[in-house]
Amino acid sequence: LWEARGYWARYRVEVSGVAGDCLLVAQPTIRLRGDHAAAHRHLRYWQERCWPLLLRMFELAKPDCVASIHRGPDDPAPRDPLPLPIDPYHSLAVPLCVLLLSGDRTHAMALAELARDESVFLIRQPPKDGVAWRIMVLHWLRLLRGERDRVLWSDFDGLSEKHMANEFRLYYPLAPLIAKGDVEGFKAQLVVCEADFRKRGRSKKSDDLDLWGYGKIGQVSSIDLWGTALCRLAAWSGMPIDIDTELYPKAFHRD
């Protein structure tokens, strides 16, 4: 139905939205109940539910793919003439976080291979901070492929403050530090990220369960998702990151 009507963006919404739901349930499961096994089951649900949609999303992003889509004579004209390119942040960041936290290296590597052709990520008018977000996600994918020489802090050179001024900017240096194998630098930057995470508890942005720890309830029911996912990337890259705290639980980043 989505394809016949040209609702290409529905794949992105479903793939990323279900991943966010899995994270929203998994976090309090481990923070409030300490049930690692149940938390991992919640995360693994995403692979069962959305992996086929992710594969189709990449298929639709290929040039001229729309020409091969079957459309019946009575189907309405497509809403969009062509599938929209994939936005790495809005489409892939949260699913990739799920794969890293669940320790699903098979699917994480498969996603990195799907994303090897980065031409599918070209978008016409990114949001002002979307450029930095996209660099962050591409860094993660390149680390998974072992392309350390393509994960550089200098990739952010030339971006203005408006491009970097978002709540996750403190995590941007972590992937380049992993690429350099700088264990002490990684740990030091993670301390900065943790301090910033703690500040979110004072925010009025949320008064319920929250993915990123905003508000009083979000603060006691969440872990530092980005930081923990990057700990997993560091571990898979061979760095001895021996951390096990309430915000960076070892069960989510060490095999």
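The written sequence of each chain sets the order in which its residues are numbered from 1. Residue-level local features of this predicted model are given only where pLDDT is at least 70; pairs of side-chain atoms are given and counted only at 80 or more, and the full residue set underlies all totals for whole chains, interfaces and linings. Where side-chain values are given, they derive from all heavy atoms of the structure, hydrogens and water being excluded.

**As for the overall build of the chain**
No. 1: Across its full length, the chain holds 11 helices and 0 strands.
No. 2: Along its sequence from the N terminus, the chain presents helices and strands in the succession α-α-α-α-α-α-α-α-α-α-α.
No. 3: Three labels apply to residues, based on accessible area from a 1.4 Å probe with only protein chains included: buried if under 20% of the type maximum, exposed if over 50%, partly exposed otherwise in between. Out of the 255 residues in the chain, the part that is buried amounts to 54%.
No. 4: Counting contacts in the chain only where the partners sit at least 6 residues apart, residues at least 24 apart contribute 68% of the total.
No. 5: Computed with a 1.4 Å probe, the accessible areas rest on the Shrake-Rupley method; for each residue, only the protein chains presented here act as cover. Entry remark: accessible area of the chain is about 12000 Å², with carbon and sulfur atoms responsible for 53%. Each helix is a run of DSSP H or I of at least 4 residues and each strand a run of E of at least 2, with the numbering of both proceeding from the N terminus. Any pair of residues with heavy atoms lying within 4.5 Å of one another is described as a contacting pair.

**Topic: the environment of Arg33**
No. 1: Take Arg33: it is sitting in the loop between helix H2 (9-31) and helix H3 (36-60).
No. 2: Overall, Arg33 belongs to the exposed group, its relative accessible area being 58%.

**Things to note about the environment of Ser221**
No. 1: Here Ser221 shows up in helix H10 (residues 215-221).
No. 2: We classify Ser221 as buried; its relative accessible area is 2%.
No. 3: It is 8.4 Å that separates the C-alpha atoms of Ser221 and Ile30, two residues lying 191 residues apart in sequence.
No. 4: Contacts of Ser221, omitting those with residues within four sequence positions, involve Gln27, Pro28, Arg31, Leu32 and Leu209.
No. 5: We call two N or O atoms a polar contact when they sit within 3.5 Å, provided that within protein one can donate a hydrogen and the other can accept it, with sequence-adjacent residues counted only if both atoms are side-chain atoms. Of note is the side chain of Ser221, whose polar atom sits 2.8 Å from the backbone oxygen of Ile217.

**Observations regarding the environment of Val120**
No. 1: By the element assignment, Val120 lies in the loop between helix H5 (105-114) and helix H6 (130-144).
No. 2: For the pair Val120 and Ala61, spaced 59 residues apart in sequence, the C-alpha separation works out to 5.9 Å.

**Topic: the packing of helix H4 (residues 88-101) against helix H11 (residues 225-236)**
No. 1: Whenever a helix is involved, its axis is fitted only over the stretch in contact; in every case the axis is a line through C-alpha atoms, and angles between N-to-C directions fall within 0 to 180 degrees. Two elements in contact, H4 and H11, have axes whose closest approach is 9 Å; the angle formed by their N-to-C orientations is 65°. Crossing handedness for the pair H4 and H11: left-handed. The segment H4 lies against H11, with Tyr89, Ala93, Cys97, Leu99, Leu100 and Leu101 engaging Leu225, Trp226, Thr228, Ala229, Arg232, Leu233 and Trp236.
No. 2: Counted by class, the contact of H4 with H11 contains 11 nonpolar, 1 polar and 1 charged residues. The handedness criterion is simple: a crossing whose near helix is rotated anticlockwise from the far helix by less than a right angle is left-handed, and one whose near helix is rotated clockwise is right-handed. Under the scheme applied here, ten amino acids are nonpolar (Ala, Val, Leu, Ile, Met, Phe, Trp, Tyr, Cys and Pro), four are charged (Asp, Glu, Lys and Arg), and all others, including Gly, are polar.

**A closer look at the packing of aromatic side chains**
The geometry of an aromatic ring pair is captured by the separation of the ring centres together with the interplanar angle, meaning the angle of the planes.
No. 1: Geometry of aromatic contacts follows a simple scheme: Phe, Tyr and Trp rings, the Trp one being its six-membered ring, pair when their centres are within 6.5 Å, and the pair is stacked under 30 degrees between planes, edge-to-face over 60, tilted otherwise. If you walk through the whole model with that rule in mind, you get 10 aromatic pairs.
No. 2: A ring pair is formed by Trp153 and Phe156, whose centres lie 4.9 Å apart and whose planes are at 45°; its orientation type is tilted.
No. 3: With centroids separated by 5.1 Å and ring planes inclined at 65°, the aromatic side chains of Phe168 and Trp212 adopt a geometry described as edge-to-face. Placement of Phe168 in the loop between helix H7 (161-164) and helix H8 (174-180) and of Trp212 in the loop between helix H9 (183-199) and H10 is noted, with a sequence separation of 44 residues between them. As far as burial versus exposure is concerned, Phe168 and Trp212 are alike and both buried.
No. 4: An aromatic cluster is defined as three or more aromatic residues linked by ring pairs; in this entry it consists of Trp140, Phe168, Tyr171, Trp212 and Trp226.

**Side note on the state of the cysteines**
No. 1: The disulfide criterion is simple: two cysteine sulfur atoms within 2.5 Å. One pass over the structure, following the stated rule, counts 0 disulfides.
No. 2: The structure places no disulfide on Cys50, whose sulfur is separated from the nearest cysteine sulfur, that of Cys22, by 7.3 Å.

**Examining H9**
Think of an α-helix as 3.6 residues a turn; residues three or four steps apart then line up on the same face.
No. 1: Each helix should span, by expectation, one fewer than its residue count multiplied by 1.5 Å. The first and last C-alpha atoms of H9 sit 25 Å apart over 17 residues, in line with the 24 Å expected at 1.5 Å per residue.
No. 2: The inward-facing, buried residues of H9 contact H8, H10 and H11.
No. 3: Two or three places before Gly185, at the opening of H9, Asp182 has a side-chain oxygen 2.8 Å from that residue's backbone nitrogen.

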